[in-house]
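# Residue-level structural notes
Listed here are the chains, written in short residue letters.
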Amino acid sequence: MPAAFRTVSDHLYNMSYPSPSGLSSAAAFGSPTGPAIGSPFASVIAWLDNLSATVGAAFSMLPLAAQIVFAVACGLVVGSFLNVVVHRLPIMLERAWRAEVADATGQHFDDDGLPPRYNLWLPRSACPHCGHVLHAWENVPVFSYLLLRGRCSQCKARVSLRYPLIEIASVLCAVASLVLFGPTGTALAAFGLCATLLAMSAIDIDTHLLPDSLTLPLLWAGLILNFGGLFASLSDAVLGAIAGYLALWCVHWVFKLVRGIEGMGYGDFKLLAALGAWLGWAALPQIILIAAVAGALVGLVATWRGRMRFEEPLPFGPFLAAGGALTLFLGTPLYFALGG
């Protein structure tokens, strides 16, 4: 790892987590940051660790500018795919729900006008207004949007600004992961976490839903990675998952008993549980504080400007995701300020 990366990464990472070493060697599985785990699991993790170290060492030999360019390119490609996930996954889930209801009740639903085979890979990307199938040059992240001035090349309908914003946000996450964690498996895992949070945030804004197909794999990924103490010890990760779920579950039921309405969705419970599994229980108070303050400010401003009614629900997932991402990169100064 370049010295510049090591200095920044170690300084920030040590603010919160017990070890910045990532998925350490097999010996680490008997250390305080990881439980003793026998073969073959420990052997697989050790092999992945050696592979990550080898690739990281080779990557670190590249000039810093080349590393940044690579991170930007990866961020653009992943961001483009996230746009597909944000647009198509809710449609896929609704289709699956309709099929289950139709099988159970015989109820008929109107055709949605989309091809029968519709997933994250097929059909090819097309304009949602006129159906124009995008050519390769129309599908280049960010640059195509700028070249076409935010409009479809055929029908001239305006393309949502969300597409380039998600791609730019993905680039920022990729570069931040590389700069703060260096060319390591930790950086790759951090970027994967941020990319998933980005997709879930956009879906929650559109639909007020956090799909289980994203939250649950994210939770399990955090627990698996922390077998080796990547971001937290396994015990802290398990406690984080439990405490994250129960914290918002309690808020949900208190709000329901007092107000008679549901103030929190079950997807929020699972998302905070996933963040606890990744970052450990000590990160949860800061994540919740950031999410609550940011959500309150956005809600008040939106209400004051007439963008939403006072009683209108506000998606909480994006604020939890923001709290999780900030805690990932900046550590947990709140925990240490309270004597942790």
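A brief report on the enclosed structure follows. Note that the coordinates shown come from a computational prediction; the quantities given were computed from them, not determined experimentally.

## Digging into the packing of helix α9 (residues 266–279) against helix α10 (residues 284–304)
Viewed as axis vectors pointing N to C, α9 and α10 meet at an angle of 140 degrees, and their least axial separation amounts to 10 Å. It follows that α9 is oblique to α10 by the angle criterion. For the pair α9 and α10, the crossing hand works out as right-handed. Taking contact as the criterion, the partners of Leu272, Leu275, Gly276 and Leu279 in α9 are, on α10, Leu284, Ile287 and Ile288. Grouping the constituent residues of the contact of α9 with α10 by class yields six nonpolar, one polar and no charged.

## Some words on helix α3 (residues 64–105)
Helix length check: α3, at 42 residues, gives a terminal C-alpha distance of 60 Å against a target of 62 Å (1.5 Å per residue), a fit within 8%. Trailing α3 by a residue or two, Gly106 shows a phi angle of about 80 degrees, which is positive.

## What to know about the nonpolar core
If you look at the biggest cluster of nonpolar residues, it comprises 59 residues, and the most contacted ones within it are Phe181, Leu197, Leu218, Phe231, Leu271, Leu320 and Leu328. Counting only elements with at least two residues in this core, the list comes to α3, α5 (162–181), α6 (185–207), α7 (212–225), α8 (234–259), α9, α10 and α11 (317–330). Ranked by the residues each element gives to this core, the list is headed by α6, at 13 residues. Apart from the residues within four sequence positions on either side, Leu271 is in contact with Leu197, Met200, Leu210, Thr215, Leu218, Gly317, Leu320 and Ala321.

## Describing a nonpolar patch on the surface
The grouping of Val238, Ile242, Leu246, Trp249, Trp253 and Tyr266 at the surface amounts to a nonpolar patch, some 520 Å² of accessible area in total. If you tally residues by element for the nonpolar patch, the top one is α8, at five residues. Within the secondary structure, Tyr266 is located in helix α9. Looking at Tyr266, the relative accessible area reads 37%, which means it is partly exposed.

## Here we look at unusual backbone geometry
Put simply, Leu122 and Pro123 share a cis peptide bond, and its omega is -5 degrees. One can find Pro123 in the loop between α3 and α4 (143–147). With a phi angle near 55 degrees, Arg149 is a residue other than glycine that sits in the positive phi range. With respect to the helices and strands, the residue Arg149 is situated in the loop between α4 and α5. Arg149 sits in the exposed class, given a relative accessible area of 74%.

## Considering the pattern of salt bridges
If you walk through the whole model with that rule in mind, you get four salt bridges. Linking Arg162 and Asp206 is a salt bridge whose minimum nitrogen-to-oxygen distance equals 2.3 Å. Linking Arg162 in helix α5 with Asp206 in helix α6, this pair joins segments that are 44 residues apart in sequence. Judged by relative accessible area, Arg162 falls into the partly exposed class, the value being 22%. A residue is classified by how much of its surface remains accessible, and Asp206, at 45% relative accessible area, is partly exposed.

## Remarks on the side chain of Glu167
Relative to the helices and strands, Glu167 is located in helix α5. Buried charge without a partner: Glu167 forms no salt bridge, and the closest opposite charge is Arg162, 9.6 Å away. One polar contact links the side chain of Glu167 to the main-chain amide nitrogen of Val142, over a distance of 2.8 Å. Excluding its chain neighbours within four sequence positions, the residues that come into contact with Glu167 are Gly75, Leu76, Gly79, Ser80, Asn83, Pro141 and Val142.

## Points about the environment of Trp220
Considering the arrangement of structural elements, one finds Trp220 in helix α7. Given a relative accessible area of 55%, Trp220 falls into the exposed group. Between the C-alpha atoms of Trp220 and Ala277, which are 57 residues apart in sequence, the distance is 7.7 Å.

## Side note on the packing of aromatic side chains
For the structure shown, the criterion picks out nine aromatic pairs. When the ring of Phe181 is compared with that of Phe329, the centres are 6.4 Å apart and the planes differ by 40 degrees; the resulting orientation is tilted. Here Phe181 is found in helix α5, whereas its partner Phe329 is found in helix α11, with 148 residues between them in sequence. One exposure class covers both Phe181 and Phe329, and it is buried. For the pair Phe231 and Trp278, a centre-to-centre distance of 5.8 Å together with 40 degrees between the ring planes defines the contact as tilted. Taken together, the positions of Phe231 in the loop between α7 and α8 and Trp278 in helix α9 put the pair 47 residues apart, joining distant regions of the chain. An aromatic cluster is defined as three or more aromatic residues linked by ring pairs; in this entry it consists of Phe181, Phe231, Trp278 and Phe329. The lysine or arginine in question, Arg88, covers the ring of Tyr118, its NZ or CZ lying 5.2 Å from the ring centre. Taking NZ or CZ as reference, Arg162 lies 5.3 Å from the ring centre of Tyr163, over its face.

## Here's the deal with the state of the cysteines
The full count for this structure, using the stated rule, is zero disulfides. Summary of cysteine pairing: Cys130 is not part of a disulfide, and the nearest cysteine sulfur, belonging to Cys155, is at 3.6 Å.

Reading guide: rules and limits
- Residues numbered from 1 in each chain as written.
- Predicted model: local features only at pLDDT ≥ 70, side-chain atom pairs only at ≥ 80, totals over all residues.
- Heavy atoms only, no water.
- Axes fitted to C-alpha atoms, helices over the stretch in contact; angles between N-to-C directions.
- Helix = DSSP H or I, 4+ residues; strand = E, 2+ residues; numbered from the N terminus.
- Parallel < 35°, antiparallel > 145°, perpendicular 65-115°, else oblique.
- Left-handed = near helix turned anticlockwise from the far one by under 90°.
- Contact = heavy atoms within 4.5 Å.
- Nonpolar A, V, L, I, M, F, W, Y, C, P; charged D, E, K, R; others polar.
- Expected span 1.5 Å × (residues − 1).
- Core = buried A, V, L, I, M, F, W, Y, C linked by side-chain atoms within 4.5 Å.
- Buried < 20%, exposed > 50% of the residue type's maximum accessible area, 1.4 Å probe, protein only.
- Patch = residues over 30% accessible without salt bridge, like charges linked within 9 Å, V, L, I, M, F, W, Y side chains within 5 Å.
- Areas by Shrake-Rupley, 256 points an atom, 1.4 Å probe, with all protein chains shown as cover.
- Salt bridge = Lys/Arg side-chain N within 4 Å of Asp/Glu carboxyl O.
- Lys, Arg positive; Asp, Glu negative; His and termini not counted.
- Polar contact = N/O pair within 3.5 Å; in protein donor to acceptor, adjacent residues only side chain to side chain.
- Phe/Tyr/Trp six-rings, centres within 6.5 Å; stacked < 30°, edge-to-face > 60°.
- Lys NZ or Arg CZ within 6 Å of the ring centre and 35° of its normal.
- Disulfide = S-S within 2.5 Å.

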